[in-house]
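Chain by chain, the residues:
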Amino acid sequence: MRKRGQISLFIILGILLLITLSFMFFLTKMNVQRSQRSEFGSTISLTSTQSRVEHLVQSCFEQLAQQLIFSAGTYAGYSVFFTPRSSTYIGLPYRGFTVEPTPTRIIVYLYAEEEKRLPSEIELEQTMETALNHLFLQSGCLNDFIELRDEGWDVSGTEIDSTVDISDNGISLELSFPRIFSKDGDSFQINTFTFESHINFFTYLSFADELINSLTTKLSSLQSELEPMVARGEMTQEQAAIYAQEEVNKILEAFTVQLHEEGYDFYYRESPNILDNHLEPGTFFFIRDRKTDFEFIFGGAL
């Protein structure tokens, strides 16, 4: 009887122990699952925030890069920006540019003082890199990540650098913008952003070079031809000027037709006034791609 009671007691204790162990295992499993869900949720939140930041920076970079490329076209390929503090334009060539009567308009001269001044690939790349670094920080499109800071994120890093590669295939821009975002023990880092444009500056510079060569060659020929005729009294100075203008207009009309057939609009106008005293009045030339509306502008004191 006593043995039978002891056996029953052991069975009861065994069942209680089994229940206790099962309950402890269940609690442990629940805690592990809860921890995994918490970690998974944290990972999703971190990844989502990083994607949001990367999208913001990429969008800002693409918008600014596109604006900078189109702006460079109006300065014959140079990337120019104005610094209000010093009231100067950064990125313009040292010589060969002028300001129209409205001081917000600057025309880069690719021919002046009997000298052709086409920019080199390195010049174009360096001025664009300088402008991109400056304008990206000044643009305000990132708003200093104020929304993220309001959410408790700490943002560290101040470096910025850009690399521009201009080739026959277009323009490649790379922005190095290392920043670390941290909050409650979590952190992520952003680094490099890229942008590609199919606009080919060399095509426009080639057009400019071709036009300048045609005009300067023709004007030199006309000078050799007409000056003796004026000296001999065979025509007046006014008649010589009219004849020379007609010959120049033929070149410009032919160039207009040529570019139109290649998908570009070409027009020009005389400069009535130049504020840069070392240059003579010249002509402003405009080449516009009808597909992209990209416009390349340059001047020539011919």
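Residues numbered from 1 in each chain as written. Predicted model: local features only at pLDDT ≥ 70, side-chain atom pairs only at ≥ 80, totals over all residues. Heavy atoms only, no water.

Q: Can you walk me through helix 4 (residues 201-231) in this structure?
A: Helical geometry: 3.6 residues make up each α-helical turn, so side chains three or four residues apart lie on a common side. Taking 1.5 Å per residue as the helical rise, helix 4 with its 31 residues ought to reach 45 Å, and the 44 Å between its terminal C-alpha atoms agrees with that figure. If you check which residues of helix 4 are buried, you get Phe201, Tyr204, Leu205, Phe207, Ala208, Leu211, Ile212, Leu215, Leu222 and Leu226. (Helix = DSSP H or I, 4+ residues; strand = E, 2+ residues; numbered from the N terminus. Expected span 1.5 Å × (residues − 1). Buried < 20%, exposed > 50% of the residue type's maximum accessible area, 1.4 Å probe, protein only.)

Q: Looking at this model, I keep getting lost on the pattern of salt bridges. Mind explaining?
A: Pairing is possible between side chains that carry opposite charge, provided their charged atoms lie close to one another. Throughout the structure, instances matching the rule amount to 10 salt bridges. Of the charged contacts in the structure, one is a salt bridge between Glu115 and Arg117, with a shortest N-O distance of 3.8 Å. Between Glu247 and Lys218 there is a salt bridge, with the nearest N and O atoms lying 3.4 Å from each other. Highlighted residues: Glu247 in helix 5 (residues 237-261) and Lys218 in helix 4, separated in sequence by 29 residues. Connected via shared salt-bridge partners are Asp265, Arg288, Arg290 and Asp293. (Salt bridge = Lys/Arg side-chain N within 4 Å of Asp/Glu carboxyl O.)

Q: Would you mind going over the environment of Met235 with me for this structure?
A: Relative to the helices and strands, Met235 resides in the loop between helix 4 and helix 5. What makes Met235 buried here is its relative accessible area of 17%. If we ignore the near neighbours within four places in the chain, the residues touching Met235 are Leu226, Met229, Val230 and Ala240. (Contact = heavy atoms within 4.5 Å.)

Q: Honestly, the pairing of strand 4 (residues 106-112) in this entry has me stumped. Any pointers?
A: In terms of residue burial, strand 4 counts as a mostly covered element, since 7 of its 7 residues are buried. Of the strand pairs in this sheet, strand 4 and strand 12 (residues 295-300) are connected by 2 bridges, and their pairing is parallel. Paired with Tyr111 across the two strands is Gly300, which belongs to strand 12. Here strand 4 pairs with strand 5 (residues 115-116) via 2 bridges, running antiparallel. When the bridges of strand 5 are listed, Ala112 appears paired with Glu115. Connecting strand 4 to the antiparallel partner strand 5 that follows it, the hairpin turn spans 2 residues, and Glu113 within it adopts a positive phi of roughly 55 degrees. (Pairing = 2+ DSSP bridges.)

Q: Please clarify how the confidence of the model for the chain should be interpreted in this entry.
A: Reading predicted coordinates in detail is not appropriate for stretches of low pLDDT. The share of residues in the chain with pLDDT of 70 or more is 77%, and the mean pLDDT across the chain is 84. Predicted confidence is poor over residues 35-42, with pLDDT under 50, and the contacts of this stretch with residues over four places away or in other chains come to 1 contact. Note that residues 273-279 has pLDDT below 50 and, in this model, 22 contacts with residues that lie over four places away or in other chains. (pLDDT = per-residue confidence, 0-100.)

Q: Any chance you could explain the nonpolar core here in plain terms?
A: A general tendency of soluble globular proteins is for nonpolar side chains to be buried together. One finds Phe136, Leu173, Phe177, Phe201, Phe296 and Phe298 to be the most contacted residues of the largest nonpolar core, which totals 63 residues. When residues in this core are grouped by element, the largest group, 10 residues, is from helix 1 (residues 2-73). Leaving out residues up to four positions away in the same chain, Phe201 has contacts with Ile69, Ala72, Gly77, Leu124, Met128, Ile166, Ile171 and Phe294. Formed by 7 residues, the second largest nonpolar core is a distinct cluster that contains Ala112, Phe284, Phe286 and Ile297. (Core = buried A, V, L, I, M, F, W, Y, C linked by side-chain atoms within 4.5 Å.)

Q: Is there a simple way to explain the state of the cysteines in this structure?
A: Each disulfide consists of a covalent bond between the sulfur atoms of two cysteine residues. What the rule picks out here adds up to 1 disulfide. Each disulfide pairs two cysteine sulfurs, and for Cys60 the partner residue is Cys141, the sulfurs being separated by 1.5 Å. With a gap of 81 residues between them, Cys60 in helix 1 and Cys141 in the loop between helix 2 (121-138) and helix 3 (146-150) connect regions that are remote in the sequence. With relative accessibility at 3%, the residue Cys60 sits in the buried group. (Disulfide = S-S within 2.5 Å.)

Q: In this structure, what is going on with helix 2? I would like to understand it.
A: Taking 1.5 Å per residue as the helical rise, helix 2 with its 18 residues ought to reach 26 Å, and the 26 Å between its terminal C-alpha atoms agrees with that figure. Along helix 2, the positions that sit buried rather than exposed are Leu124, Glu125, Thr127, Met128, Ala131, Leu132, Asn133 and Phe136. Once helix 2 finishes, Gly140 follows within two positions and takes phi at roughly 80 degrees, a positive value.

Q: Explain the packing of aromatic side chains here, please?
A: Each aromatic ring pair is specified by the distance between its two centres and by the angle formed by the two planes. What the rule picks out here adds up to 18 aromatic pairs. One aromatic cluster is present, built from ring pairs that chain together Phe70, Phe201, Tyr204, Phe207, Phe255, Tyr264, Phe266, Tyr268, Phe285, Phe294, Phe296 and Phe298. A cation over a ring is seen here: Arg179 above Phe177, with NZ or CZ 3.9 Å from the ring centre. (Phe/Tyr/Trp six-rings, centres within 6.5 Å; stacked < 30°, edge-to-face > 60°. Lys NZ or Arg CZ within 6 Å of the ring centre and 35° of its normal.)

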